[in-house]
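Descriptive structure summary
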Amino acid sequence: MSHSQFPYSRPRRLRASENIRRMVSEHSLSANDFIAPLFVMEGEKGKEEITSMPGQFRFTLDLLLKEIDEIQSLGIPSVLLFAKVPDDKKDNKGTEALNPDGLMQVAVRAIKKEFPDLVVMTDVAMDPYSSYGHDGIVEDGQILNDESAELLAKMAVSHAEAGADFAAPSDMMDGRIMLMREALDEMGYHNTGIMAYSAKYASSYYGPFRDALDSAPGFGDKKTYQMDPSNVTEAVKEAISDEQEGADIVMVKPGLPYLDVVRAVKESVHVPVSVYNVSGEYAMIKAAAEKGWLNEEQAMMEALIAFKRAGADLIATYFAKDAARFLRS
Ligand code: PBG
């Protein structure tokens, strides 16, 4: 009998004390891993809690800067910005998205001025600007690919112009990474990166986010561009093609129900892999904790370490501040 088997081997030896557990722990989290998603809205001195995302707010720019100050002081290196666009600025072509004095552009300029070292990522997508709530231009009930991708490339340039460090396209149009890379380079923004939402699924877990931005699709669903939850080979194909088109970071989204996808993508690309711990995942833990059914802090840290175990290098999460605070304590 081998001595690497019971009763000679006793795996519990390595779990016997806090110190031993620390020594053999295979993965760890740090604030360096976190990207904090943030919602900016028009106006001044405003802060609205998002009902389905307790503890998350839409901020006017003045208060957003205060929030970012706190985020930065917790050691979180990066934020991912989303703009809440008023209905009267929405149209089918997402015209407002290219306004050099639009909310996103103004916010990026102000943030980079006050926090030059902060890594500012911007959501590049049409849905907050679209009167249809879709991620592309709509024609006869269809989402146009190439026309939308072209607009997204211009949007990335406009964000780069404002000072964004990374454009983060979340739309899932085909070929948009290549167009975006070329457009950025053409305009001299060689150093602006692209974090591509490469494997983004048509997921019910985005519900609370759509409340936050009031961006739910006005008709139909997003299944003709976002992925089928049953697919993983396709996710690998998407990630590889985004890497080849010039993505600096590829993303899998949502997170917890797709850990196998994170692993498969991690093993297939040679760029960092990020995962988006989306609004619905946040809401589930918050709601269960509010009812006293889960310990919020423990459930949060367990979810976050699961992403590292699956192979994620970076985690976009609404828990960023809470987790960074926990790691400091
Ligand atoms: C849309 C976008 C969505 C999210 C990020 N960008 C929602 C959607 O595709 O409808 C979801 C993020 C979250 O749920 O936290 N471009």
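What counts and what doesn't
- Residues numbered from 1 in each chain as written.
- Predicted model: local features only at pLDDT ≥ 70, side-chain atom pairs only at ≥ 80, totals over all residues.
- Heavy atoms only, no water.
- Helix = DSSP H or I, 4+ residues; strand = E, 2+ residues; numbered from the N terminus.
- Rg over C-alpha atoms; globule rule 2.2 N^0.38 Å.
- Buried < 20%, exposed > 50% of the residue type's maximum accessible area, 1.4 Å probe, protein only.
- Contact = heavy atoms within 4.5 Å.
- Areas by Shrake-Rupley, 256 points an atom, 1.4 Å probe, with all protein chains shown as cover.
- Lys, Arg positive; Asp, Glu negative; His and termini not counted.
- Charge placed at Lys NZ, Arg CZ, Asp CG, Glu CD.
- Patch = residues over 30% accessible without salt bridge, like charges linked within 9 Å, V, L, I, M, F, W, Y side chains within 5 Å.
- Salt bridge = Lys/Arg side-chain N within 4 Å of Asp/Glu carboxyl O.
- Near = heavy atom within 4 Å.
- Polar contact = N/O pair within 3.5 Å; in protein donor to acceptor, adjacent residues only side chain to side chain.
- Pairing = 2+ DSSP bridges.
- Right-handed = clockwise from strand over helix to strand, strands pointing away.
- Axes fitted to C-alpha atoms, helices over the stretch in contact; angles between N-to-C directions.
- Parallel < 35°, antiparallel > 145°, perpendicular 65-115°, else oblique.
- Left-handed = near helix turned anticlockwise from the far one by under 90°.
- Nonpolar A, V, L, I, M, F, W, Y, C, P; charged D, E, K, R; others polar.

The next point concerns the overall build of the chain. Along its length, the chain carries 11 helices and 12 strands. The C-alpha atoms of the chain give a radius of gyration of 20 Å, which matches the 20 Å a tight globule of 329 residues would have. In terms of its C-alpha atoms, the chain occupies a principal-axis envelope of roughly 70 × 45 × 40 Å. Looking at the chain residue by residue over its 329 residues, the buried ones come to 53%. Relative to all contacts within the chain whose residues are 6 or more apart in sequence, the contacts with residues 24 or more apart total 74%. Surface exposure of the chain reaches about 15,200 Å², of which carbon and sulfur atoms provide 50%. The positive charge centre, built from 35 side chains, and the negative charge centre, built from 52, are 9 Å apart in the chain.

Quick look at unusual backbone geometry now. Cis geometry marks the peptide bond from phenylalanine 6 to proline 7, where omega comes out at 10°. Along the chain, the position of proline 7 falls in the segment before helix 1 (18-24). Between lysine 253 and the following residue, proline 254, the backbone shows a cis peptide bond with an omega angle of -10°. Here proline 254 lies in the loop between strand 10 (249-253) and helix 8 (259-266). Phi angles above zero are rare outside glycine, and aspartate 214 is one such case at about 50°.

Right, let's talk about a positive patch on the surface for a bit. The grouping of Arg10, Arg12, Arg13 and Arg15 at the surface amounts to a positive patch. Along the polypeptide, arginine 10 turns up in the segment before helix 1.

Right, let's get into the site of the ligand. Not every one of the 18 residues close to the ligand is listed here, only the nearest: Arg210, Lys222, Lys253, Ser279 and Tyr318. Between the ligand and serine 170, the relevant distance is 2.8 Å, taken from a nitrogen atom to a side-chain nitrogen or oxygen of the residue. At 2.8 Å from an oxygen atom of the ligand is found a side-chain nitrogen or oxygen belonging to lysine 200. A total of 400 Å² of accessible area belongs to the ligand in isolation, and the protein chains cover 100% of it.

Take the pairing of strand 11 (residues 273-277) next. For a regular strand, side-chain orientation follows a simple rule: the groups alternate between the two sheet faces. Across the five residues of strand 11, five count as buried, placing the element largely inside the fold. Burial along strand 11 is two-sided: Val273, Val275 and Asn277 facing one way and Ser274 and Tyr276 facing the other are all buried. Of the strand pairs in this sheet, strand 10 and strand 11 are connected by three bridges, and their pairing is parallel. Within strand 11, the residue paired with valine 250 across the bridge is valine 273. Between strand 10 and its parallel partner strand 11, the chain crosses via helix 8, and the hand of that crossover is right-handed. Here four bridges tie strand 11 to strand 12 (residues 314-317), and the two strands are oriented parallel to one another.

Further remarks concern the pairing of strand 12. Residue alternation in strand 12 divides its side chains into two sets, Leu314 and Ala316 and Ile315 and Thr317, and both sets are buried. One ladder, built from two bridges, connects strand 1 (residues 34-41) with strand 12; its direction is parallel. Within the sheet, the bridge partner assigned to phenylalanine 34 lies in strand 12 and is isoleucine 315.

A word on the packing of helix 2 (residues 61-73) against helix 3 (residues 103-114). Relative orientation of the contacting elements helix 2 and helix 3 amounts to 40°, with a least axis distance of 11 Å. Taken together, the axis directions place helix 2 and helix 3 in an arrangement best described as oblique. Crossing of helix 2 against helix 3: the hand is right-handed. Contact residues: Leu61, Leu64, Leu65 and Ile68 in helix 2; Val106, Ala107, Ala110, Ile111 and Glu114 in helix 3. Partitioned by chemical class, the residues of the contact of helix 2 with helix 3 number eight nonpolar, no polar and one charged.

Limitation: the analysis is restricted to geometry and does not speak to function.
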